[in-house]
Each structure stands twice: as C-alpha cells, then as structure tokens.
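Descriptive structure summary
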Amino acid sequence: VVSTQSRHYGRGIGGIWVYDEADRTTPMYRNLRSNLPKQLMMFSELEHGPTTPSFMTHGQVIEYVSEYCDMFGIRDMIRFSTRVLNVRPEVEKVEEEVGRRGENVRWIVTTDKGVEKYDALAVCTGRYDIPHIPDLPGTFSGIILHSKAYKTPQEFSGNKVLVVGHRSSAVDIALDLSSHGVSVAMGHRKEVPLNGLPHSLLQYPAPSHFSHHTVHFTDGQNAEFDVVIFATGYDTNLHFLDESCDIETKDIPRPLYRYFLHPKYPTMALFNQCFLIAPFPLCEYQAMYFRDVIMGRIDLPSEPERMAAAYRDFERYPDRPLKYRYALHLDQFPYYDELATECGFVPKVSNSALAGLYDAVAKQRGSKPGEYREWEHELKDGVFVCNV
C-alpha cells in the first residue's frame, strides 16, 4: 500500500482537521467543534474514551485519527507533501468488457516525484478543497473571503460582518463571531429565518449584488458591511484525473457504482463523495467493500449492470442541483447495511441506532444551534439517549 497526500498542509495525519492559525488554506478554525457526536466520528476498531465529550474539538479528532493510524502502522506508508499530477488507466488487454474486478487495468500515477504503476487506486481527496464563492455583480469595497479562511473572531473586532449561507459552517461561524461581540448578520436562501439564533443576529435573504460597502439583497433590502464571509461550500477538485479515466468531474464525479466505484474500472474508488453523511462510517464501509472487491471476495455484476446502477443512483433525485445528487441523509444507514452484508461484517452498534442518533442530532442542531454541542449522548439498551 502506498498513499500519497497532495495537500500542501499534509504535514501530518488528519488532513482537513489539522489546525494552523497562520494557514488560510485549511478549513479548521480555533473554536471549531464537530457537529456530529463522537459515536458518528469513529471507526469500528477503535472506540473513543469515556472521558471524550460527545462533540470533539479539532485537536481531539486529530488525536483519534493519529491513534487509529498508528494502531495499523499506516504512517510509514504515507508519502507526505507529494503532489499527484495525473492519474490514468492502462488497459493491458482490450476486451468487450474489462475484467470483472478490473484485473486487466493498471493505474499510472504521475506525481512531482516521478511515475509509478499500481493495481488499484483509492482517491481520498474529499470535498473540501476548492472554495465556492458565487460571482455576484458589482464591486465590494470591503473584504471578501470564504469560510475556509476563517480562523478567529478576534480578527474581525470592530467590523460589520455578513455571513452568507445557511448550513452548519455558516451558522457556527456567525455564532462564533456573535458570541465574541462582533457585529454579524446572515444572508441565505431559506424562505424563513433560521431557528435558535440570537435576536441580535439579523437575517437577510441571499445577496444579489454589491455596491462599494453596500450589499443588496434579493428582496430589495440593503445594508453596509466591512466583511463578507461566504460559507457556500466547495467545488470538486479532481483535476489530476486524466480524460482517459472516463469520469465526469464537474459538480460531482459521475457515474459511480455504489456512490464510489468506477463502474468500468472498479479497481478505482473515489471515497467520500456523498453529502449529508457521517464521513467516518461512510469511509469505513466503502473501504471494506473496496478491499473485498480488489481481493476478489465480491462477485460484482457485469459492467453494463454496474453502469446502469450508477446512473440510477445519479438520477434518483433529478430535481436536485448536480452537486447534491449524492445527498444521502438517513438513506446512508441502509446503504451501510448493504455494504456490510456483502462484506460479511456485523457492526457492534446497529446502523438503525446510529440513524436515530444522526436524526436526533440534526433536529437539535436545527432548533438549538448554540446549545446542542453541550449535550452528551450515550447508548442504552441499543438506543442512543441524550443527557441534556
């Protein structure tokens, strides 16, 4: 196994969870805590300790991931600060259908250190690399930045700040600023105000255009701000995949069998491309399935069947914007059960119990965004209960 890490902030284990106050290219900020409880932020082989709070700091997540890494001796397999420049398949034998497990395909990987050939390829770059900032008309005379560059509330002291977005990052950053005395408002596309926010935190519709320090909103209102922070998500960054990989990468990679396998060459996997999920169990179930595929333990359907299944998944919610086609939410847990069944894996905690926990926390996050992280969750008689 050889793992390459192309992010220039790959100085150690943890990827996006690495916090560096001087580095604006990492999405971590000083006061960030996970928005999922620890039971949804772990792998099956390593449980969190009893003293670990339900909602962890980025430092605690790094400690956990590092311990897991050392538990399996993975650290020595990682080539840090190695940039992947190009990936392409090399088909060694042309047939009507390339082998069911992709055994006739090798992967040519070009990095800034050289060129190597591999039997299987796991793309684990995630979805949080290239900030998406809407291109609004007009000119803003203040500061525009993406939530990825946000580090501390103190640097915005004395400024009027607008946070654009309505999902977790937008709410958390707005609350972080507000709780430290910064004048902050939110602009978003939701038709009704977000619940549980301080009355002092004004909410506007989405911004429509700029004029110097004035932000104009879609309902005709306008207000002046010094800083606009766009918490508006990320764009897909799979620039290193060669055209010969035959994967469309705009908005989301597609088609993907089981949401992560290349349908034609199943020795390539693109992990964690789903949205509204718990990333730790998602990656673990996909990893064990990929392991069994490349080891020949799973008899995959034919390439046409895999391709048809991939397009069915993609077209399951045709009215959604492309980047949200793989938004699973509660559908993730039956998906985990399907992968586990094919791998012969029986989880210690049932996915139905985790689904209940995930749903309960989502509702708490929506109604009490400033409080829910102080509540502890524990498993009792197969069901998670919340101790407020």
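1. Structural notes on the overall build of the protein
Per the secondary structure count, the protein includes six helices and 19 strands. A compact globule built from 388 residues should have a C-alpha radius of gyration of about 21 Å, and the protein, at 22 Å, falls within 12% of that. Counting only C-alpha atoms and orienting by the principal axes, one finds that the protein spans roughly 65 × 55 × 40 Å. Counting the 388 residues in the protein, one finds 48% classified as buried. Expressed as a percentage of contacts within the protein between residues at least 6 apart in sequence, the contacts between residues at least 24 apart total 61%. Approximately 18,800 Å² of the protein is accessible, and the part contributed by carbon and sulfur atoms is 51%. Averaging the coordinates of the 41 positive side-chain charges in the protein and doing the same for the 51 negative ones gives two points 1 Å apart.

2. Section: the sheet that holds strand β15 (residues 227-230)
The sheet built from five strands is open, its strands ordered β8-β15-β9-β10-β11 with parallel pairing. Bordering the open sheet on either side are β8 (143-146) and β11 (202-205), each of which pairs with just one other strand. Between one strand axis and the next, the sheet turns through 25 degrees on average, direction left out of account. Two elements, β8 and β15, share four bridges in a ladder whose sense is parallel. By the bridge assignment, Ile143 is partnered in β15 with Val227.

3. Details of the nonpolar core
Soluble globular proteins tend to pack their nonpolar side chains together in the buried interior. Residues Val87, Phe156, Val161, Val163, Leu177, Ile229 and Tyr289 are the most contacted members of the largest nonpolar core, which totals 97 residues. Here this core gets seven residues from one element, more than from any other, and that element is helix α3 (residues 279-294). If near-sequence neighbours (up to four positions away) are discounted, Phe156 is found in contact with Leu145, Tyr150, Val161, Leu177, Val182, Val227 and Ile229. Membership of the second largest hydrophobic core comes to 13 residues, among which are Leu162, Val164, Phe217 and Phe230.

4. Describing the confidence of the model for the protein
Of the residues in the protein, 94% reach a pLDDT of 70 or more, and the chain-wide mean stands at 93. Segment residues 98-102 is flagged for pLDDT under 50; beyond a separation of four residues in sequence, or across chains, it makes 18 contacts in the model.

5. A word on the pairing of strand β13 (residues 214-217)
Alternating positions in β13 separate into two faces, Thr214 and His216 on one and Val215 and Phe217 on the other, with burial throughout. Bridge count between strand β12 (residues 207-211) and β13: four bridges; the pairing is antiparallel. Bridging across to β13, His209 finds its partner in His216. In textbook terms, the turn of a hairpin is the stretch between consecutive antiparallel strands, and for β12 and β13 this stretch comprises two residues, one of which, His212, has a positive phi near 60 degrees. Of the pairings in the sheet, the one linking β13 to strand β14 (residues 222-224) comprises three bridges and is antiparallel in character. Counterpart to Val215 in the pairing with β14 is Ala223. Connecting β13 to the antiparallel partner β14 that follows it, the hairpin turn spans four residues, and Gly220 within it adopts a positive phi of roughly 100 degrees.

6. Things to note about the packing of aromatic side chains
Counting across every chain of the model gives 25 aromatic pairs. Seen from their ring centres, Tyr285 and Tyr336 are 5.1 Å apart, and the 10 degrees between their planes marks the pair as stacked. Highlighted residues: Tyr285 in helix α3 and Tyr336 in helix α5 (residues 332-343), separated in sequence by 51 residues. Members of the aromatic cluster, each reached through a chain of ring pairs, are Tyr259, Tyr285, Phe314, Tyr326, Phe333, Tyr335, Tyr336, Phe345 and Tyr358. For Lys160, the ring lying beneath its charged end belongs to Phe225, and the centroid distance is 5.7 Å.

7. Details of the layout of surface pockets
Space inside the second largest pocket adds up to approximately 400 Å³. Around the second largest pocket, the lining is made up of 21 residues, and of these Gln39, Met42, Glu47, Val349 and Leu354 lie nearest the centre. When contributions to the lining of the second largest pocket are tallied by element, the ones reaching two or more residues are α3 and α6 (351-367). The biggest single contributor to the lining of the second largest pocket is α3, with three residues. Its residues assigned to classes, the lining of the second largest pocket shows 12 nonpolar, five polar and four charged.

8. Considering the state of the cysteines
Working definition of a disulfide: a covalent bond connecting the sulfur atoms of two cysteines. This structure, assessed with the given rule, holds zero disulfides. The closest cysteine sulfur to the non-disulfide-bonded Cys69 is located on Cys124, 13 Å from its own sulfur. A relative accessible area of 5% means that Cys69 is categorised as buried. Free of any disulfide, Cys124 has its nearest neighbouring cysteine sulfur in Cys283, separated by 7.1 Å.

9. Some thoughts on the sheet that holds β13
Pairing is antiparallel across the open sheet formed by three strands, whose spatial order is β12-β13-β14. Looking at the sheet topology across the chains shown, the edges are occupied by β12 and β14. Pairs of neighbouring strands in the sheet enclose a mean axial angle of 25 degrees, with direction left out of account.

10. Regarding α3
Under the 1.5 Å per step criterion, the end-to-end length of α3 is 22 Å for 16 residues, consistent within 8% with the ideal 22 Å. Contacts from the buried residues of α3 go to α1 (58-71), β6 (121-123), β17 (268-270), α5 and α6. Of the residues one or two after α3, Gly296 is the one with positive phi, at around 80 degrees.

11. Here's the deal with the packing of α5 against α6
At a minimum axis distance of 9 Å, the contact between α5 and α6 shows a crossing angle of 160 degrees. Taken together, the axes of α5 and α6 are roughly antiparallel relative to one another. In the packing of α5 onto α6, the handedness of the crossing is right-handed. Across the interface between the two elements, Gln332, Phe333, Tyr336 and Asp337 from α5 touch Asn351, Leu354, Ala355 and Tyr358 from α6. The residue inventory of the contact of α5 with α6, partitioned by class, reads five nonpolar, two polar and one charged.

Conventions and cut-offs
- Residues numbered from 1 in each chain as written.
- Predicted model: local features only at pLDDT ≥ 70, side-chain atom pairs only at ≥ 80, totals over all residues.
- Heavy atoms only, no water.
- Helix = DSSP H or I, 4+ residues; strand = E, 2+ residues; numbered from the N terminus.
- Rg over C-alpha atoms; globule rule 2.2 N^0.38 Å.
- Buried < 20%, exposed > 50% of the residue type's maximum accessible area, 1.4 Å probe, protein only.
- Contact = heavy atoms within 4.5 Å.
- Areas by Shrake-Rupley, 256 points an atom, 1.4 Å probe, with all protein chains shown as cover.
- Lys, Arg positive; Asp, Glu negative; His and termini not counted.
- Charge placed at Lys NZ, Arg CZ, Asp CG, Glu CD.
- Pairing = 2+ DSSP bridges.
- Axes fitted to C-alpha atoms, helices over the stretch in contact; angles between N-to-C directions.
- Core = buried A, V, L, I, M, F, W, Y, C linked by side-chain atoms within 4.5 Å.
- pLDDT = per-residue confidence, 0-100.
- Phe/Tyr/Trp six-rings, centres within 6.5 Å; stacked < 30°, edge-to-face > 60°.
- Lys NZ or Arg CZ within 6 Å of the ring centre and 35° of its normal.
- 1 Å grid on protein atoms, 1.4 Å probe; cavity = no way out; pocket = protein on both sides within 12 Å on 5 of 7 lines; lining within 4 Å.
- Points joined across faces, edges and corners; volume = space filled by probe spheres on them.
- Nonpolar A, V, L, I, M, F, W, Y, C, P; charged D, E, K, R; others polar.
- Disulfide = S-S within 2.5 Å.
- Expected span 1.5 Å × (residues − 1).
- Parallel < 35°, antiparallel > 145°, perpendicular 65-115°, else oblique.
- Left-handed = near helix turned anticlockwise from the far one by under 90°.

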